[in-house]
Amino acid sequence: MSSQVYRSAARSLRSLLSARRSSLVFFEGQAVGAATATSFRRSISTVATFYKRADSKSIPMGWISGALAFPAAVYMLQDKEVNAAELERTFIAIKPDGVQRGLIAEIISRFERKGYKLVAIKLIVPSKDFAQKHYHDLKDRPFFNGLCDFLSSGPVLAMVWEGEGVIRYGRKLIGATDPQKSEPGTIRGDLAVVVGRNIIHGSDGLETAKDEIALWFEPRELVSYTSNAEKWIYGVN
């Protein structure tokens, strides 16, 4: 029985060591890392099963645990890499009504409390032409001219926020376009009443976010940095 266990364990460990060598390519891409991690988990399960069947004196536990330590570490690194890859940026603007009503601190605090990171901010009074560029996708709508007049009527606080899923969830924080249809707890649901004065704008998709960030900010105005809070939000460091 013990000889069979030895042979089976040896086969599993040879597979494990082979996976260890192939794990080096993990650093070249997430897909390879994920496949390697899956292989590690299967090998770990197989070796553990054989060890259970054997007498503890037959197969030294230290020998097995040492062989498994490296794969486990690589799997943990793979999880961290996935988190880092999902970070994205979105454009958020507090419109003239939100600025005039003194809601800047309230709105910023909601994004901060969620765990998103502010990477660009400035106060600007956009021109009518600039507002038309921002709302270019609505140029055929009957309310287009009034919308542009309003956006250019006073100061706008333009911001870029960064975080995992910030585009989609940023829209959830904002609420529906019509405040009357926004859920309580959202920015518009709590702080706005009518659709013509809904206080805030947020990008509705990845491409829109890229275009709006490029329109409102120069590349040099975007700051890349690591927040001290990130390890408590994502657990990546």
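Residues numbered from 1 in each chain as written. Predicted model: local features only at pLDDT ≥ 70, side-chain atom pairs only at ≥ 80, totals over all residues. Heavy atoms only, no water.

Caption draft 1: Expanded view of the pattern of salt bridges. Overall, the coordinates contain eight salt bridges when judged by the stated rule. As a salt-bridge pair, Lys-117 and Glu-230 come within 2.7 Å of each other at their nearest N and O atoms. On the criterion of sequence distance, the pair formed by Lys-117 in strand S2 (residues 117–124) and Glu-230 in helix H11 (residues 230–233) is long-range, its members being 113 residues apart. Glu-207 is the salt-bridge partner of Lys-210, the closest N and O atoms lying 4.0 Å from each other. With Lys-210 and Glu-207 both in helix H10 (residues 206–216) and three residues apart, the pair spans about one turn of that helix. Among the charged side chains, a network of salt bridges with common partners joins Arg-89, Lys-117, Glu-162 and Glu-230. (Salt bridge = Lys/Arg side-chain N within 4 Å of Asp/Glu carboxyl O. Helix = DSSP H or I, 4+ residues; strand = E, 2+ residues; numbered from the N terminus.)

Caption draft 2: Expanded view of the pairing of strand S3 (residues 156–164). In terms of residue burial, S3 counts as a mostly covered element, since eight of its nine residues are buried. Note: strand S1 (residues 87–94) against S3, eight bridges, orientation antiparallel. In the strand pairing of S3, Thr-90 is matched with Trp-161. When S2 meets S3, the two strands line up antiparallel, connected through seven bridges. Opposite Leu-118, over in S3, you have Trp-161 as the bridge partner. (Buried < 20%, exposed > 50% of the residue type's maximum accessible area, 1.4 Å probe, protein only. Pairing = 2+ DSSP bridges.)

Caption draft 3: Inspection of the packing of aromatic side chains at higher detail. Counting across every chain of the model gives three aromatic pairs. Between Phe-130 and Trp-216, the ring centres sit 4.7 Å apart and the planes meet at 85°, which makes this aromatic pair edge-to-face. Taken as a pair, Phe-130 in helix H6 (residues 128–134) and Trp-216 in helix H10 lie far apart in primary sequence, 86 residues in all. For Phe-130, a relative accessible area of 17% translates into the label buried. (Phe/Tyr/Trp six-rings, centres within 6.5 Å; stacked < 30°, edge-to-face > 60°.)

Caption draft 4: Structural view of the UniProt feature "active site" (unreviewed entry) in the protein chain. This chain's UniProt record puts "active site" (unreviewed entry) on His-201. Mapped onto the elements of the fold, His-201 is located in strand S4 (residues 200–202). For His-201, a relative accessible area of 14% corresponds to the buried category. Those residues in contact with His-201, other than ones at most four positions away along the chain, are Phe-91, Ile-92, Ala-93, Lys-95, His-134, Ile-174, Arg-188 and Glu-212. (UniProt positions renumbered as here; feature names shortened; annotations may be inferred. Contact = heavy atoms within 4.5 Å.)

Caption draft 5: Representation of the side chain of Ser-203 within the structure. Residue position: Ser-203 is located in the loop between S4 and H10. According to the relative accessible area criterion, Ser-203 is buried, its value standing at 1%. If near-sequence neighbours (up to four positions away) are discounted, Ser-203 is found in contact with Thr-90, Phe-91, Ile-167, Arg-171, Thr-208, Ala-209 and Glu-212.

Caption draft 6: Molecular detail of H10. All of the buried residues in H10 are Ala-209, Glu-212, Ile-213 and Trp-216. Across the axial projection of H10, the buried residues extend over an arc of 100°, all falling on one side. Every exposed residue of H10 that faces more than 90 degrees away from the buried side is listed here: Glu-207, Asp-211 and Ala-214. (Arc of directions from axis to C-beta.)

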